[in-house]
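# Observations on chain architecture
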Amino acid sequence: MVQMTGAEALTRLLVPEAVPFVFGIAGGKLNPFLHAISREPSIRYLGVRHEACGPLMGAGIAAASGRICVALGEMGPGSSNLVGGLGTAFNNNLPLLLVTSNNHLAASYPHRGMFMDLDTHALLKPLTKWSAVVHDGRRLPDLVRDAFRHALTGRRGPVHLDVPQEIFTAKFGFDEEALSLPPESYRAVDGPRAPAAQIARAADMLAAAKRPVLIAGGGVVSANGGDLFRALLARMQAPALPTQMGIGTVATDSPFFIGHGGIIGGDAIPVALAEADVILAVGCRFSSWMWDDGGALVKGGAELININIDPMSLGANAPHALGIWADAASALADLLTALEARGMPDRSVWLERLRGIYAGYRGKLDRMSEDEGAIMHPARLGKALGELLPADALIAYDGGHTSFWSNDLTPAAVERTRFHEPGMCQLGFGTPYAVALKLLHPERPVFNICGDGAFGFTLSELDTARRYGLPIINIIHNNASWGVIKMGQRKTYDFSFGTDLDGVDYADVARGFGCHGERVTTEEEIGPALQRAMASGLPAVIDCHVRFEAHPSMPYFAKMNAYGFQKGVGGGPHAALVKGA
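Residues numbered from 1 in each chain as written. Predicted model: local features only at pLDDT ≥ 70, side-chain atom pairs only at ≥ 80, totals over all residues. Heavy atoms only, no water.

Scanning the protein chain from terminus to terminus reveals 24 helices and 21 strands. The principal-axis extents of the C-alpha atoms in the protein chain amount to approximately 70 × 65 × 50 Å. Taking all 581 residues of the protein chain together, the buried fraction comes to 57%. Expressed as a percentage of contacts within the protein chain between residues at least 6 apart in sequence, the contacts between residues at least 24 apart total 75%. In the form shown here, the protein chain has an accessible surface area of approximately 21700 Å², with 54% of it arising from carbon and sulfur atoms. (Helix = DSSP H or I, 4+ residues; strand = E, 2+ residues; numbered from the N terminus. Buried < 20%, exposed > 50% of the residue type's maximum accessible area, 1.4 Å probe, protein only. Contact = heavy atoms within 4.5 Å. Areas by Shrake-Rupley, 256 points an atom, 1.4 Å probe, with all protein chains shown as cover.)

Below you can see the structure in the form of structure tokens.
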């Protein structure tokens, strides 16, 4: 037996899982834990400016690498602040461990009116896969292993441990071996494998399909199955699309690519899913980005083969002909083997039809990008950035409507290089994500392309980036408004209220934080501004002034939002836009 404090034991228990980073704000009750972390060389601590950014940074690390981080919350408001970023990890199935402090056990659970009292367990439980209070420090090895087991098994997600004050500071006796058990000793490290009969049936369906479509979801990325999906695509010679969480799994210059991100990915996607005879979806839960006003887009005559590591996702949003509960990578590998002995029909006409529709959609974007109006068109900015940003860059697409332009106009060659936040659609995630990406890949350029409204949520993390020497570059589509909300107000109610954001010079704001800042008003200024920002060695903001213009996929987005509204009874929140579909 070895004697150590709860804080020391908790730190030791993070090491076998190779936790790379802990994000948080220093707090009195957390000090014992921070002291223990400061002495652990394998873990790096990053002090944020708002607790909500800790979960956002942890989610960014998980999205980019699959690794799990820790986000801290001091008791009371420090813990309640976590909620603002926690939804990103929860709704996007990204693993994360939250550790919160609380009042000592004599005054908590139930609480008795101490300052900063909060039932943190009850608050965070709905936004986590698993949550527990540490009532006895001797249970730390057991509870931490439970936390990692839930976070990293099956459908991944955030978990939570609430630690009363004296658990951090008191000494307990621990079995030395219990503090250093390898992960494979207490949780599954490989996902389930599909039964051979299901793989054979899926292979038969795919080999016989004349109009197949392949969908790569976030589960492919989480399982590190991108190369396997691309190998299957080459074998099938069929059109394919990645979901919002799968961006890059099918490269934008692939001959099989027909758009990415689901319903906002252009005209070819709804046609493909309506006319396909077989659809293979791997690691896709068919969230609303794959819907229109009638629900999931796979409601045509196609037989759906749905592969998912979460059995509760199979059939939940889209009925299937064959539902396979399996890890994406193992299922893809087995499918490739099964298809080796099976012939394939000629699918060139089907592929060319969808590629032609996609080319027509790209033509719309190209024509928009040629607009030479006095105030830059967002497509002009988006296309210029797509051509100018380094090929090895890591890029977050932050903002609501603004992110649609990045989704279309920023090339993506491989997964885990382009990052949306489709699950919670949390505005402001981009700057914390960029900080996390730069921590993970200090040698690569990192950009956050965002709207002005979104940037305002977390701009204080410019200070975090400067303090830790992380030269991220924020590029703002600044139309001085909540643009899509203003458009909706005018189209639906013929009014505008509470949507103006004019009068802020974000370049000045950046310089106030000790960062590099520039203001851009024309396309010709973008390239030189980018070069100066990258050469500065500082976190940077390039404030690009654009006008608001509706993205061509807005009618599709509006139809998605209209799901469930009775026709003729209001028509949903974006009825006026649906009419333009």
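With that settled, the discussion passes to the sheet that holds strand S5 (residues 96-102). Overall, parallel pairing links the 6 strands, which are arranged S3-S2-S4-S5-S7-S6 in an open sheet. A strand with exactly one partner marks an edge of an open sheet, and here the two such strands are strand S3 (44-47) and strand S6 (130-133). Put simply, the sheet's adjacent strands are angled 20° from each other on average, direction ignored. With 4 bridges joining them, strand S2 (residues 21-24) and S3 adopt parallel strand pairing. Residue pairing in the sheet places phenylalanine 21 in a bridge with arginine 44 of S3. Contacts from helix H3 (residues 53-65) reach S2, S3, strand S4 (70-73) and S5 within the one sheet, and its direction differs from that of S2 by about 155°. (Pairing = 2+ DSSP bridges. Axes fitted to C-alpha atoms, helices over the stretch in contact; angles between N-to-C directions.)

A word on the pattern of salt bridges. Counting across every chain of the model gives 24 salt bridges. Salt-bridge contacts for aspartate 204 lead to arginine 342; the nearest nitrogen and oxygen are separated by 2.8 Å. Taken together, the residues span a long stretch of sequence, with aspartate 204 in helix H9 (residues 196-208) and arginine 342 in the loop between helix H13 (328-339) and helix H14 (348-369) at a distance of 138 residues. The partly exposed category is assigned to arginine 342, whose relative accessible area is 24%. With a closest N to O distance of 2.7 Å, arginine 230 and aspartate 227 form a salt bridge. With arginine 230 and aspartate 227 both in helix H11 (residues 226-236) and 3 residues apart, the pair spans about one turn of that helix. Accessibility expressed as a relative area gives 24% for arginine 230, which makes it partly exposed. Where salt bridges share partners, they join Arg49, Asp463, Arg466 and Arg467 into one cluster. (Salt bridge = Lys/Arg side-chain N within 4 Å of Asp/Glu carboxyl O.)

Attention shifts here to the environment of glycine 248. By the element assignment, glycine 248 lies in the loop between strand S10 (240-242) and helix H12 (268-275). Residue glycine 248 is classed as buried on the basis of its relative accessible area, which comes to 0%. The spacing of glycine 248 and glutamate 40 is 208 residues in sequence and 35 Å in space, taken between C-alpha atoms.

Moving on: the packing of aromatic side chains. Within this structure, the stated rule accounts for 13 aromatic pairs. With 4.8 Å between their ring centres and 55° between their planes, tryptophan 291 and tyrosine 563 make a pair best called tilted. With tryptophan 291 in strand S12 (residues 291-292) and tyrosine 563 in the loop between helix H23 (554-561) and helix H24 (575-578), this residue pair connects regions lying 272 residues apart in the sequence. Relative to phenylalanine 497, the ring of phenylalanine 495 has its centre 6.5 Å away and its plane inclined at 20°; by these criteria the two rings are stacked. You can call phenylalanine 495 partly exposed: its relative accessible area is 35%. Three or more aromatic residues joined by ring pairs make a cluster, and in this case those are Trp289, Phe404 and Phe557. (Phe/Tyr/Trp six-rings, centres within 6.5 Å; stacked < 30°, edge-to-face > 60°.)

Another aspect to go through is the sheet that holds strand S16 (residues 394-397). Taken together, 6 strands build an open sheet; the order of strands is S17-S16-S18-S19-S21-S20 and the sheet is parallel. This sheet does not close on itself; its edge strands, each paired only once, are strand S17 (418-419) and strand S20 (516-520). In this sheet, strand S19 (residues 473-478) lies alongside strand S18 (residues 446-451) in parallel orientation, the contact comprising 5 bridges. Bridging across to S19, asparagine 448 finds its partner in asparagine 474. Sitting on the sheet, helix H17 (residues 430-440) is in contact with S16, S17, S18 and S19, with an inclination near 175° to S18.

Turning our eyes to something else, we now look at the side chain of lysine 29. By the secondary structure assignment, lysine 29 is in the loop between S2 and helix H2 (31-38). Look at lysine 29: it is buried, it has no salt bridge, and the nearest opposite charge is glutamate 74 at 5.9 Å. In this structure, lysine 29 is in contact with Glu74, Met75, Ser101, Phe115, Gln165 and Phe168, ignoring residues within four places of it in sequence. (Lys, Arg positive; Asp, Glu negative; His and termini not counted.)

Attention now moves to the environment of arginine 44. Looking at where arginine 44 falls in the secondary structure, it is placed in strand S3. Under the relative-accessibility criterion, arginine 44 is labelled partly exposed at 37%. Apart from the residues lying within four places of it in its own chain, the contact partners of arginine 44 are Pro20, Phe21, Val22, Leu439 and Tyr468.

Moving on to the packing of H14 against helix H16 (residues 402-409). Helix packing for two helices is described by the angle between their axes and how far apart those axes are. With their axes 11 Å apart at the nearest point, H14 and H16 run at an angle of 115° to one another. For the pair H14 and H16, the sense of crossing is left-handed. Between H14 and H16, the contacting residues are Tyr361, Arg362, Leu365 and Met368 on the first element and Trp405, Asp408 and Leu409 on the second. Class assignment of the residues belonging to the contact of H14 with H16 gives a composition of 5 nonpolar, no polar and 2 charged. (Left-handed = near helix turned anticlockwise from the far one by under 90°. Nonpolar A, V, L, I, M, F, W, Y, C, P; charged D, E, K, R; others polar.)

Another point: a nonpolar patch on the surface. On the surface, Met114, Phe115 and Met116 cluster together into a nonpolar patch covering about 270 Å² of accessible area. With respect to the helices and strands, phenylalanine 115 occurs in the loop between S5 and helix H6 (120-124). Judged by relative accessible area, which is 52%, phenylalanine 115 ranks as exposed. (Patch = residues over 30% accessible without salt bridge, like charges linked within 9 Å, V, L, I, M, F, W, Y side chains within 5 Å.)

Nothing here speaks to function; it is all geometry.
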